[in-house]
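Tertiary structure, described
So the chains spell out like this:
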Amino acid sequence: MIHEAIAKNFDPRANVEPSSLICIADFGCSTGPNTYFSMQTIIEAIELQFQSQGLVAQMPEFQVFFNDLVSNDFNTLLKNLPPNRNYFAASVPGSFHGCLFPRKTLHFAHSSAAI
């Protein structure tokens, strides 16, 4: 579903400055491996869009924000990040029912509970 949605709706030429940063948030990430898998799937789908349009030289860097309630074990989450990941990682504790990020700072928002 993620690959299909990104292929259908994401145009790298219209949405991203060359060699810029794409910011992705995983809302309600918890601490398990599914969150890493989801983020990698999103990044791979975006990279595929750049490759399919001949924009490999303009491939952006990726910043992933892992969000969950303050009670989440972010130490475990960050300690278990995949060693070969191709993104920068940060944790953002707090409820996603409120404002967690400034306007226009995220390119993608993901929530496995919503899927």
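A quick note: this is a predicted structure, and the numbers were derived from the prediction, not measured. (Residues numbered from 1 in each chain as written. Predicted model: local features only at pLDDT ≥ 70, side-chain atom pairs only at ≥ 80, totals over all residues. Heavy atoms only, no water.)

What to know about unusual backbone geometry
- A positive phi angle, close to 60 degrees, is found at S30, a residue other than glycine.
- Of note in the backbone geometry, K104 takes a positive phi value of approximately 60 degrees without being a glycine.
- By the secondary structure assignment, K104 is in the loop between β3 (88-93) and β4 (108-110). (Helix = DSSP H or I, 4+ residues; strand = E, 2+ residues; numbered from the N terminus.)

Some thoughts on the sheet that holds β4
- Strand order in the open sheet formed by 4 strands is β3-β2-β1-β4, with parallel pairing between adjacent strands. Two strands bound the open sheet, and with one partner strand each, they are β3 and β4. The mean inter-strand angle of the sheet, taken between neighbouring strand axes irrespective of direction, is 20 degrees.
- Bridging between strand β2 (residues 61-68) and β3 involves 6 bridges; their strand directions are parallel. Bridging from a neighbouring strand, F66 pairs with S91 of β3. (Pairing = 2+ DSSP bridges. Axes fitted to C-alpha atoms, helices over the stretch in contact; angles between N-to-C directions.)

Here we look at helix α3 (residues 33-52)
- An ideal rise of 1.5 Å per residue puts 28 Å on 20 residues; α3 measures up with 29 Å between its terminal C-alpha atoms.
- Looking at α3, one finds that the buried residues are T35, Y36, S38, M39, T41, I42, I43, A45, I46, E47, Q49 and F50.
- Looking at the residues trailing α3, positive phi occurs at G54, about 70 degrees. (Expected span 1.5 Å × (residues − 1). Buried < 20%, exposed > 50% of the residue type's maximum accessible area, 1.4 Å probe, protein only.)

Points about the packing of aromatic side chains
- Tallied over the full model, the rule gives 7 aromatic pairs.
- An angle of 55 degrees between the planes, with centres 5.3 Å apart, marks the rings of F10 and F108 as tilted. Here F10 is found in the loop between α1 (2-9) and α2 (12-15), whereas its partner F108 is found in strand β4, with 98 residues between them in sequence.
- A relative accessible area of 7% means that F10 is categorised as buried. (Phe/Tyr/Trp six-rings, centres within 6.5 Å; stacked < 30°, edge-to-face > 60°.)

Examining the side chain of Q63
- The topology assignment puts Q63 in strand β2.
- There is a polar contact of 3.3 Å between the side chain of Q63 and the backbone oxygen of F88.
- Beyond its immediate chain neighbours, meaning those up to four positions away, Q63 contacts L21, I22, C23, I24, F88, A89 and A90. (Polar contact = N/O pair within 3.5 Å; in protein donor to acceptor, adjacent residues only side chain to side chain. Contact = heavy atoms within 4.5 Å.)

Quick look at the nonpolar core
- Core analysis: the biggest nonpolar cluster contains 22 residues, and I24, I46 and F66 have the highest contact counts within it.
- Those elements that provide at least two residues to this core are α1, β1 (21-27), α3, β2 and α4 (74-79).
- Ranked by the residues each element gives to this core, the list is headed by α3, at 7 residues.
- When sequence neighbours within four positions are dropped, the list of residues in contact with I46 reads I6, F10, I22, I24, F62 and F108. (Core = buried A, V, L, I, M, F, W, Y, C linked by side-chain atoms within 4.5 Å.)

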